[in-house]
Structure formats: C-alpha cells, structure tokens
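# Reading the structure
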Amino acid sequence: QKEVEQDPGPLSVPEGAIVSLNCTYSNSAFQYFMWYRQYSRKGPELLMYTYSSGNKEDGRFTAQVDKSSKYISLFIRDSQPSDSATYLCAISGGYQKVTFGIGTKLQVIP
Amino acid sequence: GAVVSQHPSWVICKSGTSVKIECRSLDFQATTMFWYRQFPKQSLMLMATSNEGSKATYEQGVEKDKFLINHASLTLSTLTVTSAHPEDSSFYICSASGVNNQPQHFGDGTRLSIL
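Here is what the cut-offs are and how they apply
Residues numbered from 1 in each chain as written. Chains lettered and ligands numbered in written order. Predicted model: local features only at pLDDT ≥ 70, side-chain atom pairs only at ≥ 80, totals over all residues. Heavy atoms only, no water. Helix = DSSP H or I, 4+ residues; strand = E, 2+ residues; numbered from the N terminus. Polar contact = N/O pair within 3.5 Å; in protein donor to acceptor, adjacent residues only side chain to side chain. Contact = heavy atoms within 4.5 Å. Salt bridge = Lys/Arg side-chain N within 4 Å of Asp/Glu carboxyl O. Buried area = accessible area lost by both parts, 1.4 Å probe. Pairing = 2+ DSSP bridges.

### Some thoughts on the side chain of His71 of chain B
All names here are of chain B. Positionally, His71 belongs in strand E7 (residues 67-73). Within the structure, the side chain of His71 is placed 3.0 Å from the side chain of Ser50, a separation counted as a polar contact. A polar contact is formed between the side chain of His71 and the backbone nitrogen of Glu52, at a distance of 3.4 Å. With residues near it in sequence (within four places) discarded, His71 still touches Ala30, Thr31, Thr32, Met33, Ser50, Asn51, Glu52, Gly53, Leu76 and Ser77.

### Describing the pattern of salt bridges
Inspection of every chain in the model, using the stated rule, returns six salt bridges over all chains. Across the salt bridge formed by Arg60 of chain A and Asp83 of chain A, the nearest N and O atoms sit 2.9 Å from each other. With a gap of 23 residues between them, Arg60 of chain A in the loop between strand E6 (54-58) and strand E7 (61-66) and Asp83 of chain A in the loop between strand E8 (71-76) and strand E9 (85-92) connect regions that are remote in the sequence. The residue Glu22 of chain B makes a salt bridge to Arg24 of chain B at a minimum N-O spacing of 3.5 Å.

### A few points about unusual backbone geometry
The omega angle of the peptide bond from Gly9 of chain A to Pro10 of chain A is 10°, so this bond is cis rather than trans. Mapping Pro10 of chain A onto the fold places it in the loop between strand E1 (4-6) and strand E2 (11-14). Put simply, His7 of chain B and Pro8 of chain B share a cis peptide bond, and its omega is 0°. Notably, Lys70 of chain A is not glycine yet its phi reads approximately 55°, a positive angle. If you trace the backbone, Lys70 of chain A turns up in the loop between E7 and E8.

### Remarks on the interface of chain A and chain B
Residue-level contacts link 19 residues of chain A with 24 residues of chain B. When chain A packs against chain B, the two sides together hide about 1,700 Å² of surface, and 51% of this comes from carbon and sulfur. With a shortest N-O distance of 3.7 Å, Lys42 of chain A and Asp108 of chain B are connected by a salt bridge. At the boundary of chain A and chain B, one finds four residue pairs in polar contact (both at pLDDT 80 or more). Contributing elements (two or more residues each) for the side of chain A that touches chain B: strand E4 (32-38), strand E5 (45-50) and strand E10 (98-100) of chain A.

### Focus: the pairing of E7 of chain B
Summarising the sheet, E7 of chain B and strand E8 (residues 76-81) of chain B pair through five bridges and their orientation is antiparallel. Note on E8 of chain B: the bridge partner recorded for Phe67 of chain B is Val81 of chain B.

Put into structure tokens, the structure is as follows:
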C-alpha cells in the first residue's frame with residue numbers, strides 16, 4: 001500500500017463548478033498536510049497547508065483534513081479555466097520529509 | 001510569499017557534459033533545501049536533502065558522485081549532474097524550507113535534455 005494515494009484523473013469540470021480533490025494516507029503519524037498546484041513545465045506552488053483536523057479556507061480554496069479517516073480534501077469553489085493544473089497533495093510527519101501524491105490533473109472547461 | 005528561484009530553466013547539452021543547476025531562496029533563509037526529480041505523469045521523487053554547511057543526505061538509489069550537491073549559504077544550493085548521459089534527462093526541481101518548521105517552497109524546475 002502506498003503511503004499516499006491520489007487519483008491521477010484527469011478530472012474535467014465546467015467553469016463555475018465546485019471541484020473536490022482527495023487523498024488518502026496510511027501513516028497515522030502524519031501530521032502536516034499540504035496542497036500544491038503545478039502548472040505544466042513549472043514547479044509546484046504551495047496553495048494550502050495545515051496541521052490539524054478540520055477545515056481551512058483561503059479565498060476559493062478550502063482544505064479539509066479528517067485524521068480519523070486518514071483522508072484529506074481540497075475544494076475549489078467557482079472554478080476558473082486558470083485553475084486547470086495538476087494538484088498534488090503532500091503529507092508528512094514534519095515538513096522536512098514530505099510524501100507527495102501522484103497528482104490529480106484538473107481541466108476547467110470554459 | 002516565499003520565492004525560490006531556479007536557474008537555468010532549460011538545458012540541452014551533449015552526453016558527457018557536466019551541468020550545474022542553481023537554487024536560490026530570494027526572500028527568506030533556507031535552512032534546508034531539497035532536490036527532486038520528476039518524470040512525466042509521475043510525482044516528485046526526492047533525490048537529496050541538504051542543510052546549509054553540511055553534506056547532503058541522499059535517498060536510496062541516488063548516486064552522490066553523480067549528483068553533487070552544495071549548500072554553501074542560507075540562500076543558495078547547487079546541483080551538479082556530472083558526466084550527464086541521456087538517461088539523466090529529466091525535470092529537476094529544488095525546494096527550500098525555512099526555520100520554524102515551515103512548508104517547502106519550490107523553484108520552477110530545470111528541464112535537462114542530454115543528447
């Protein structure tokens with residue numbers, strides 16, 4: 001079993017839709033949770049990070065962590081074509097050694 | 001937000017050449033820098049972790065004599081791919097982490113093509 005599981009997609013949604021991206025993890029010692037956005041031929045860009053269960057909101061983005069289920073989510077409201085990218089979840093016991101998901105490719109269709 | 005600059009963005013060179021990639025943290029002190037490799041449609045593969053002034057710690061299977069890492073200051077780390085061959089062609093990405101257990105911030109990557 002992989003430490004972090006993430007559906008690679010692709011996921012296609014119409015503009016304005018709510019997008020739900022998810023990851024599951026196996027190690028209950030993980031306590032730091034991050035989401036990165038990666039455009040083609042670019043490095044990952046940090047979107048959200050948290051170290052506790054519950055929700056964290058930043059603009060159109062909401063990160064949700066459920067430690068009891070070892071399940072994390074990223075919601076994107078009012079999705080835009082510019083949100084089209086690959087979204088990587090990243091999880092660790094400390095920020096020094098991070099395990100990344102394979103990334104979900106998202107396409108928002110105008 | 002934290003900015004990490006990586007240079008060059010794209011390199012094409014002949015087999016046997018050594019290539020140096022620079023990674024700089026522009027607005028924070030990077031106590032730790034990381035080097036990753038990414039193949040198409042795959043996630044990031046950690047190659048090595050370096051702390052300023054110390055030798056890099058390489059992941060299993062990564063040749064330290066092939067991939068030389070230097071982290072001489074709190075804002076600069078370099079990766080040198082020595083005697084590069086076509087199988088070294090890949091997308092190399094650095095990241096940096098500051099003090100107080102902050103998350104990693106990434107550079108824009110270097111696309112290396114060895115002919």
